[in-house]
Protein chains: 2
Amino acid sequence: MTLETTLAAIRPADEPAMAAARELQLRLTKPAGSLGALEELSVRLAGLAGVCPPPLPEPATVAVFAGDHGVHAQGVSPWPQEVTAQMVANFVAGGAVVNTFARQTGADVMVIDVGVKIPLHGGANLLDANVRRGTRDMTAGPALTREEALAAVEVGIRVAGALVEQGAKALLTGDMGIANTTPAAALVAAFTGVSAGVATGRGTGIDDETLNHKIAVVTAALERHAPDPADPLGVLAAVGGLEHAALTGFILGAAAARVPVVIDGVIATSAAVAAAAFAPDSVAAMVAGHRSAEPGAGVALAHLGLEPLLDLGMRLGEGSGAVLALPIVTAAVRVLHEVATFDAAGVSEK
Amino acid sequence: MTLETTLAAIRPADEPAMAAARELQLRLTKPAGSLGALEELSVRLAGLAGVCPPPLPEPATVAVFAGDHGVHAQGVSPWPQEVTAQMVANFVAGGAVVNTFARQTGADVMVIDVGVKIPLHGGANLLDANVRRGTRDMTAGPALTREEALAAVEVGIRVAGALVEQGAKALLTGDMGIANTTPAAALVAAFTGVSAGVATGRGTGIDDETLNHKIAVVTAALERHAPDPADPLGVLAAVGGLEHAALTGFILGAAAARVPVVIDGVIATSAAVAAAAFAPDSVAAMVAGHRSAEPGAGVALAHLGLEPLLDLGMRLGEGSGAVLALPIVTAAVRVLHEVATFDAAGVSEK
């Protein structure tokens, strides 16, 4: 599917299915409302699927989109750029945190090279969809052309579509890219209107001096391009990254297929605000996996009106927070499938 | 084991194993500290096990201790007392939320009648360890004799010991008992020193008038008995419940066996403060599963110095919050077992 046909396929949540889920929750053997956020989540997922109970979100795949960033040259990260490719090799070999969490929760891991600078060796779970070997430095010009940004968005759309076609009932966002919290901060600022100082954080761990420099870099890029949130592709091209654009497409693809997409940290939430700018109804498909320690993630979640399931001070990326949240999503849906009603179990009501 | 031998077996966390876990976390392929609370948890569990990495917390069993409460006569709950026995039947039949969550996470469910009023029919996973058919009304006299409280504590100790002997590598607390948030509030107030108004909440859902009455009931019981936190068995006898006492023993039994015990909501946290009063070092074995919406649970967790893993507005009990948190505990430990080091994966450091 193209971006255009994908956007045309995205519809609002189904109200009758949501009403049915609310009504079913009241008949299950538990005090009304006692499952808190899980009850709201089950209602949202019924609305997305258009049926109550909605399907269990399994099998699930975490798609880790990897890219490099020209803005790395500005000294915004303490890590050498080749770590992006080294970590992709680690994902392919199964040695990273996201692999460990995926084995824990039964999710599959797929890695997509959408913009890594160094050519990568293959692997059964590595897809070569490289659009460009890293973005340009956004402080010197647009990070991407509109055509490159669109190509990356459509990589994400294609990956989502292929996974759903292969049977995935939940999609999870993952990312890898040294320096990618810098474009994420710029995207969050551009789409939500907060300043660079509010949207920018310490990423993988930088000192005060580097943080101030990073804020100045984001500010300079925003001033140079003055990205217009009404033109989301233009924003992605000006200050985005290839994995951010691909994740935007991945989220839109999930929404078009009416499959839940569990959102990880700040990279994915910056892509989620871009997706919402393309199609506000895509928010119905989004489940916020966790509250990243990165400030831009909190700004983006508030903008989307999403409450994260986990809040554990994590700031790793890779999709780790989405994979860790998956069993909670499944549990929320499983309640609607399996818990006995007061009537069936012979339990008195209050 | 008796209470006395159990208390004698509880030791502090092992410092060298904790240091080894901290050092290992720094060598794994992720930015230092990027797994937030999971890193601290992995260090604590290494300290409990006395080895790094500590064993994975599987298989796991949630033990649901059920009891009834004389204070129900004071009108503190809108639910009829027979719901305790009806819900036990629901647990045995596999129809409750805790069963659904346990199927999700692979935990076993065991139900222990330690104080249900109505005689129960058997089931493969139902243990008859009834000490007394419900407590006395604590506003009229002590809920239990010291001998009854001790017998219930030792039921919990025996269950923990038997499960560990059968191979359980994690124990999870569960509870069922209509009106049992009232003794839980009294226990939290007695052990932490907060007022009944601070420790008492809406339980399964009561209106303002009933809440004010419930606070007055807890206040009256505390004034009548003036329980002494230096005498934890006396506190459990005066204002406790049979499932609260059994959970206290269950937690102490886990600590003595150096097996992690994942704590559910307000009933279990009230038992956890009792366990800490018996043996302060038992806190090393405790993992707070979730932050219950019940205010006494938050007071108890702060008293114990524990941060919960989940905060989802849940207030169900049954062990639901402990079972839902189990995959996160496992993931935290699994990182130490499986994630590649920088050295082994050939990933550059910053």
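How each quantity is defined
- Residues numbered from 1 in each chain as written.
- Chains lettered and ligands numbered in written order.
- Predicted model: local features only at pLDDT ≥ 70, side-chain atom pairs only at ≥ 80, totals over all residues.
- Heavy atoms only, no water.
- Helix = DSSP H or I, 4+ residues; strand = E, 2+ residues; numbered from the N terminus.
- Rg over C-alpha atoms; globule rule 2.2 N^0.38 Å.
- Buried < 20%, exposed > 50% of the residue type's maximum accessible area, 1.4 Å probe, protein only.
- Contact = heavy atoms within 4.5 Å.
- Areas by Shrake-Rupley, 256 points an atom, 1.4 Å probe, with all protein chains shown as cover.
- Lys, Arg positive; Asp, Glu negative; His and termini not counted.
- Charge placed at Lys NZ, Arg CZ, Asp CG, Glu CD.
- Pairing = 2+ DSSP bridges.
- Axes fitted to C-alpha atoms, helices over the stretch in contact; angles between N-to-C directions.
- Least-squares fit on C-alpha atoms with pLDDT ≥ 70 in both.
- Expected span 1.5 Å × (residues − 1).
- Domains from an automatic or database assignment.
- Buried area = accessible area lost by both parts, 1.4 Å probe.
- Polar contact = N/O pair within 3.5 Å; in protein donor to acceptor, adjacent residues only side chain to side chain.

Student: For this particular structure, what's the right way to read the overall build of chain A?
Tutor: Secondary structure summary: chain A contains 15 helices and six strands in total. On C-alpha atoms alone, chain A measures out to a radius of gyration of 20 Å, which is about the 20 Å that the 2.2 N^0.38 rule sets for 350 residues. With respect to the three principal axes, the spread of C-alpha positions in chain A is 70 × 40 × 40 Å. For chain A, the residues scored as buried account for 63% of the 350 residues in total. For chain A, the proportion of contacts with a sequence separation of at least 24, taken over those separated by at least 6, is 74%. Here chain A has roughly 11,300 Å² of accessible surface; of this, 54% comes from carbon and sulfur atoms. One finds the centroid of the 21 positive side-chain charges in chain A at a distance of 1 Å from the centroid of its 34 negative side-chain charges.

Student: Got a minute to help me understand the sheet that holds strand β2 (residues 108-115) of chain A in this structure?
Tutor: Remark on secondary structure: sheet strands pair via backbone hydrogen bonds, oriented parallel or antiparallel. Residue and element names in this part refer to chain A. The parallel open sheet is built from six strands, whose spatial order is β3-β2-β1-β4-β5-β6. Edge positions in the sheet fall to β3 (126-128) and β6 (286-288), since each has one partner strand and no second. Ignoring strand direction, the axes of neighbouring strands in this sheet form an average angle of 30°. Strand direction decides the pairing type here: strand β1 (residues 60-67) and strand β4 (residues 170-176), joined by seven bridges, are parallel. Bridge pairing in β4 links A66 to M176. The strands touched by helix α4 (residues 83-93) are β1, β2, β3 and β4; relative to β4, the strand with the most contacts, the crossing angle is about 140°.

Student: Where do I start with the relation of the copies chain B and chain A in this structure?
Tutor: Relating one copy of the chain to the other requires a rotation about an axis plus a shift along that axis. Aligned on chain A, chain B shows an RMSD of 0.0 Å; the corresponding rotation is 180° and the shift along the axis is 0.0 Å. Accordingly, the operation relating the two chain copies is best matched by a two-fold axis. When C-alpha distances to the rotation axis are compared across chain B, the minimum falls at L310(B), with a value of 3.2 Å. Taken together, the interface assignments show that 100% of the residues at the interface of chain B recur at the interface of chain A, consistent with an identical surface on both copies.

Student: How do you make sense of helix α3 (residues 37-49) of chain B when you look at a structure like this?
Tutor: For an α-helix, the turn length of 3.6 residues means that residues three or four places apart are oriented alike. All names here are of chain B. The end-to-end C-alpha separation of α3 is 18 Å, in line with the 18 Å expected for 13 residues at 1.5 Å each. When we look at burial in α3, the residues that qualify are L38, E39, L41, S42, V43, L45, A46, G47 and L48. Directly after α3, the chain includes G50, whose backbone phi takes a positive value near 75°.

Student: Please explain the domain arrangement of chain A as it appears in this structure.
Tutor: Many analyses report the size of an interface as the accessible area lost when the parts associate. Residue and element names in this part refer to chain A. Looking at chain A, the domain boundaries give domain 1 (3-55 + 334-345) and domain 2 (60-328). Its C-alpha centre places domain 1 at a distance of 28 Å from the equivalent point of domain 2. The interface of domain 1 with domain 2 comprises 16 residues on the first partner and 24 residues on the second. Regarding the contact of domain 1 and domain 2, the summed buried area is about 1,700 Å², with carbon and sulfur atoms giving 68% of it. Area buried by domain 1 at its contact with domain 2 is led by L3, I10 and L48, which between them contribute 41% of it. Put simply, domain 1 and domain 2 have six residue pairs in polar contact (both at pLDDT 80 or more) between them. Counting residues per element, the ones that place at least two in the side of domain 1 that touches domain 2 are α1 (3-9) and α3 (37-49).

Student: So what exactly am I meant to see when it comes to the environment of V259(A) here?
Tutor: Residues and elements named next belong to chain A. For V259, the location among the structural elements is in the loop between α11 (242-257) and β5 (261-263). Each C-alpha atom of the pair V259 and E223 lies 37 Å from the other, and the pair is 36 residues apart in sequence. Look past the residues within four positions of V259 in its chain and what remains in contact with it is L48, V164, A168, K169, A170, L171, A254 and A285.

Student: Which parts of the structure should I look at to understand the sheet that holds strand β5 (residues 261-263) of chain B?
Tutor: Residues and elements named next belong to chain B. Pairing is parallel across the open sheet formed by six strands, whose spatial order is β3-β2-β1-β4-β5-β6. Each edge of the sheet is formed by a strand with only one pairing partner; in this case those strands are β3 (126-128) and β6 (286-288). Going from strand to strand, the sheet's axes swing by 30° on average, the running direction of each strand aside. Of the strand pairs in this sheet, strand β4 (residues 170-176) and β5 are connected by two bridges, and their pairing is parallel. In the sheet register, L171 faces β5, and the bridge partner there is V261. Packing of helix α4 (residues 83-93) onto the sheet brings it into contact with β1 (60-67), β2 (108-115), β3 and β4, and relative to β4 it is tilted by some 140°. On the sheet, helix α14 (residues 320-338) packs against β1, β4, β5 and β6 and is oriented at approximately 165° with respect to β4.

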